[in-house]
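One letter stands for each residue in the lines below.
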Amino acid sequence: MLQGHGDDTYRYGDVRVNFSSNIYGGADLSALKSYLSNRLEFIGQYPEPEAYSLEMLIAEREGIPNECVLVTNGATDAIYLIAQMLAGEGYRHYHIPQPTFSEYEDACRMFGMTEGDDGILWLCNPNNPTGQVINPSPNTAITVLDQSYELFTLQPLMSAREAVACEKIIQLHSMTKTYAVPGLRLGYVVAAAPVMECLRRYVRPWSVNTLAIEAGKWLTKHDVVAVPDIWGYLKEAQRLRMRLNEIPGISVAPTDTCFMLAEIKGNTAADLKDYLIKGHRLLIRDASNFHGLTPRHFRISTQRPDENDLLVEAIREFISQADGEQTL
């Protein structure tokens, strides 16, 4: 497992604004919390061996058969489950365009697969950490298509119905991201029935806890997404990117979603992160441990306008102080 994912607030304690996580920090979870507080007696019961009731609701919403949906303990659980299934069915190679989420490769290696251009293709769309949306071309090999950030972009993406119609696609979804509930761990897989029948052979019983299932059902029925105004949110993301690009020594790549990949010149992302957390209690994601990136790369996720402005000015301050030290 890679040490150094986003949202390492547990290392720092008092964080004023968390830019390191791709979970939207302004979500209103009060109604969900109220609902779950009245169902705490469920912790004394075993959950469904598989989250059948939630799978039925998701299938109905997506307009696909029940057997084409599998709820998992977060999208990351699904990644390892899929890798185990593929390895168990005789697949020996994987292909992962970089940089991207590290767990795809970690999962494949855990189950004995090795890298190869002809292997199982893993794609994150929109991609983490770049924020870019791609249009997957037809592939003769099986493609695992992770759409965990699908509701954080306005670009067209493959629907669940389209994924089910193509027996070469295994599609991942993250309720964790959609509804900003990372502590509950909820995700689901969509694929054609024959693929899902095979995948279910590897499912552990009771892998999704009762409160997570209850939350998932409530969220699916009410569909209270984390970001009510995605147009405004993405507009703010572009404003943030523009302001950061105005800072000498900072370069931010184009993005199709709320998070963005940046590079600092003349310093390291680790130094910048350390300065921001100690001096301003602002947390960013050091992206140097993504394959293909350098110690200068970092990722940030858009927050409220006033919070974004705090980050911009704090980074500008860091650059100014660093330049001043170099001239001494």
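What counts as what
- Residues numbered from 1 in each chain as written.
- Predicted model: local features only at pLDDT ≥ 70, side-chain atom pairs only at ≥ 80, totals over all residues.
- Heavy atoms only, no water.
- Pairing = 2+ DSSP bridges.
- Helix = DSSP H or I, 4+ residues; strand = E, 2+ residues; numbered from the N terminus.
- Contact = heavy atoms within 4.5 Å.
- Axes fitted to C-alpha atoms, helices over the stretch in contact; angles between N-to-C directions.
- Salt bridge = Lys/Arg side-chain N within 4 Å of Asp/Glu carboxyl O.
- Buried < 20%, exposed > 50% of the residue type's maximum accessible area, 1.4 Å probe, protein only.
- Phe/Tyr/Trp six-rings, centres within 6.5 Å; stacked < 30°, edge-to-face > 60°.
- Right-handed = clockwise from strand over helix to strand, strands pointing away.

### A look at the sheet that holds strand β7 (residues 169-174)
The strands that make up a sheet pair up through hydrogen bonds in the backbone, lying either parallel or antiparallel. The strand order across the open sheet formed by seven strands is β2-β8-β7-β6-β5-β3-β4, and the pairing between neighbours is mixed. The open sheet has two free edges, formed respectively by β2 (69-72) and β4 (114-115), since each of these has just one partner strand. Where β2 lies against strand β8 (residues 187-191), four bridges are found, and the strand directions are antiparallel. Across the sheet, the residue bridging to Val-71 is Tyr-188, located in β8. Against the sheet, helix α3 (residues 75-88) contacts β2, β5 (120-124), β6 (143-146), β7 and β8, and its axis sits at roughly 160° relative to β7.

### Brief notes about the sheet that holds strand β13 (residues 297-301)
Reading across the sheet, the four strands line up as β9-β10-β13-β12 and stay open at both edges, with antiparallel pairing between neighbours. The sheet is open, and its two edges are formed by β9 (250-252) and β12 (285-286), each paired on a single side. Direction of pairing for β12 relative to β13: antiparallel, over a ladder of two bridges. Pairing of Arg-285 across the sheet is with Arg-299, part of β13.

### Some words on the pattern of salt bridges
Note that side chains of opposite charge can pair when their charged atoms are close. Within this structure, the stated rule accounts for 17 salt bridges. A salt bridge links Arg-281 to Asp-14, with the shortest nitrogen-to-oxygen separation between them at 3.4 Å. With Arg-281 in the loop between α10 (269-280) and β11 (282-283) and Asp-14 in the segment before β1 (17-18), this pair connects stretches of sequence that are 267 residues apart. A salt bridge links Arg-316 to Glu-313; the shortest N-O distance between them is 3.8 Å. Of the two residues, Arg-316 and Glu-313 both sit in helix α11 (residues 305-327), three residues apart, roughly one turn of that helix. For Glu-313, a relative accessible area of 38% gives the class partly exposed. Through salt bridges with shared partners, a single network forms among Glu-236, Arg-239, Arg-243, Asp-309, Glu-313 and Arg-316.

### So, the packing of aromatic side chains
This model, assessed by the stated rule, comprises seven aromatic pairs. Centre to centre, the rings of Tyr-46 and Trp-206 are 5.0 Å apart; their planes meet at 40°, and the pair counts as tilted. Here Tyr-46, found in the loop between α1 (30-37) and α2 (52-62), pairs with Trp-206, found in the loop between α7 (193-199) and α8 (210-222); they are 160 residues apart in sequence, far enough to count as distant. Owing to a relative accessible area of 67%, Tyr-46 belongs among the exposed residues under this scheme. For Trp-206, a relative accessible area of 44% puts it in the partly exposed group.

### So, the side chain of Asn-308
Assignment of secondary structure puts Asn-308 in helix α11. Residues in contact with Asn-308, not counting those within four places in the same chain, are Phe-19, Glu-236, Arg-239, Leu-240, Thr-302 and Gln-303.

### Considering the pairing of β6
Because side chains alternate across β6, one face comprises the buried residues Thr-143 and Leu-145, and the other comprises Val-144 and Asp-146, equally buried. Judged from the four bridges that link them, β5 and β6 form a sheet pairing that is parallel. In the sheet register, Leu-121 faces β6, and the bridge partner there is Thr-143. Relative to β7, β6 runs parallel, the two sharing four bridges. Across the sheet, residue Thr-143 finds its bridge partner in β7, namely Ile-169. For the segment spanning β6, helix α5 (residues 160-165) and β7, crossover handedness is right-handed.

That's the geometry; what it means functionally is another story.
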